[in-house]
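# Structure assessment
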Amino acid sequence: MRRILLSLILCVQSASISASGPAVFHTASFGGSRSVSLSLAEGGPARDRAFDFDVVITLSEFDSGGTVLYRDGGRHEASVRCVSPAMVRINSADYAIDVSARPGADWKHDLWAALCSAPVS
C-alpha cells in the first residue's frame, strides 16, 4: 500500500515538473550576488526496495537578477527513503536525514522533504 501511495505522489509531482520545468527543492545564496538551485529533473519508484524514490537532480547558478550563469549538464542520481530511518543515497553513500531539521539548512533534508513531506489530498 505504501508503494502505491508513493507512486501516486510521484506521478503528481512528475506531472507538475513536466508542466512547469524542474522543481527547485533547495537554494543556497553566496554573498547575496549569486545563488545555486538544486532541482528535481526526473523521478520514479526506486529500483532498490529499501528506498522509495530514484531521482535525477540538476544544478543551476543564478546572479542576483535571476539570470542563469551556469547550468550543469550532468545527471546527478539519488535515492530517497521516506520511512525511518529516513535516508538519501548518493552513489553508494547513505546519508541519514534528521527529519526535524529546519528547511534550507541541508540540501539532502530538503530533497527528502520535497518527496516525502508532500501534501496528499
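You'll find the structure just up there.
None of these values were measured; they are calculated from a predicted model. (Residues numbered from 1 in each chain as written. Predicted model: local features only at pLDDT ≥ 70, side-chain atom pairs only at ≥ 80, totals over all residues. Heavy atoms only, no water.)

## Details of unusual backbone geometry
Put simply, the rule reads: Secondary structure follows DSSP: runs of H or I at least 4 residues long count as helices, runs of E at least 2 residues long count as strands, and numbering of each begins at the N terminus.
Here serine 84 and proline 85 are connected by a cis peptide whose omega angle stands at -5°. You can see proline 85 is positioned in the loop between strand E5 (76-81) and strand E6 (87-90).

## A look at the pattern of salt bridges
How we decide: A carboxyl oxygen of Asp or Glu within 4 Å of a side-chain nitrogen of Lys or Arg is what we treat as a salt bridge. Burial classification: accessible surface area is computed with a 1.4 Å probe over protein chains only, and a residue below 20% of its type maximum counts as buried, one above 50% as exposed, and the rest as partly exposed.
A complete count under the given rule lists six salt bridges for this structure. The partner of arginine 75 in a salt bridge is glutamate 42, and the shortest N-O contact between them spans 2.7 Å. You can see arginine 75 sitting in the loop between strand E4 (68-71) and E5 and its partner glutamate 42 sitting in strand E2 (residues 34-45), a full 33 residues away along the chain. The partly exposed category is assigned to glutamate 42, whose relative accessible area is 39%.

## Looking at the nonpolar core
Cut-off, in case you're wondering: Buried Ala, Val, Leu, Ile, Met, Phe, Trp, Tyr and Cys residues form a nonpolar core when they are joined through side-chain atoms within 4.5 Å. Here a residue-residue contact requires only that any non-hydrogen atoms of the pair lie within 4.5 Å.
The biggest cluster of nonpolar side chains holds 16 residues, and the ones touching the most others in it are Val55, Val88 and Leu111. For this core, the secondary-structure elements that each account for two or more residues are E2, strand E3 (53-63), E5, E6 and helix H2 (107-116). Ignoring anything within four residues of it in the chain, the contact list for valine 55 reads Leu40, Glu42, Gly43, His76, Glu77, Ala78, Leu111 and Leu115.

## A look at the packing of aromatic side chains
For the record, the criterion: A pair of Phe, Tyr and Trp rings is counted when the ring centres sit within 6.5 Å of each other, with Trp represented by its six-membered ring. The angle between the planes then sorts it: under 30 degrees is stacked, over 60 is edge-to-face, the rest tilted. Here, a charge over a ring is recorded when the distance from Lys NZ or Arg CZ to the ring centre is within 6 Å and its angle to the ring normal is within 35 degrees.
Within the structure shown, the criterion is met by zero aromatic pairs. Between arginine 81 and the ring centre of phenylalanine 51, over which it is positioned, the NZ or CZ distance is 5.4 Å.

## Description of the environment of aspartate 72
Condition: Distance and chemistry together define a polar contact, namely a pair of N or O atoms within 3.5 Å, with one atom able to donate a hydrogen and the other to accept it when in protein, and with adjacent residues in sequence counting only for side-chain atoms on both sides.
As for its placement among the helices and strands, aspartate 72 is situated in the loop between E4 and E5. A polar atom in the side chain of aspartate 72 sits 2.5 Å from the side chain of histidine 76.

## Here we look at the environment of valine 55
You can see valine 55 is positioned in strand E3. Measuring from C-alpha to C-alpha, the distance between valine 55 and glutamate 77 comes to 5.7 Å, with 22 residues separating the pair along the chain.

## A few points about the pairing of E5
What counts, and what does not: The pairing criterion is simple: DSSP has to find at least two bridges between the two strands.
As paired elements, E3 and E5 share five bridges and run antiparallel to each other. Paired with valine 55 across the strands is alanine 78, a residue of E5. Bridge count between E5 and E6: four bridges; the pairing is antiparallel. Opposite serine 79, over in E6, you have arginine 89 as the bridge partner. Joining the antiparallel neighbours E5 and E6 is a turn of five residues.

## Quick notes on the side chain of glutamate 61
Looking at the element boundaries, glutamate 61 is found in strand E3. Look at glutamate 61 and you get buried, because its relative accessible area is 19%.

## Brief notes about the state of the cysteines
Where we set the bar: Only a pair of cysteine sulfur atoms within 2.5 Å counts as a disulfide in this structure description.
Counted according to the given criterion, the structure contains one disulfide. Note that cysteine 82 is cross-linked by a disulfide to cysteine 116, the S-S spacing being 2.0 Å. On the sign convention where negative is left-handed, the bridge of cysteine 82 and cysteine 116, at about -75° about the S-S bond, is left-handed. Separated by 34 residues along the polypeptide, cysteine 82 in the loop between E5 and E6 and cysteine 116 in helix H2 bring together distant segments of the chain. The exposure class of cysteine 82 is buried, given its relative accessible area of 14%.

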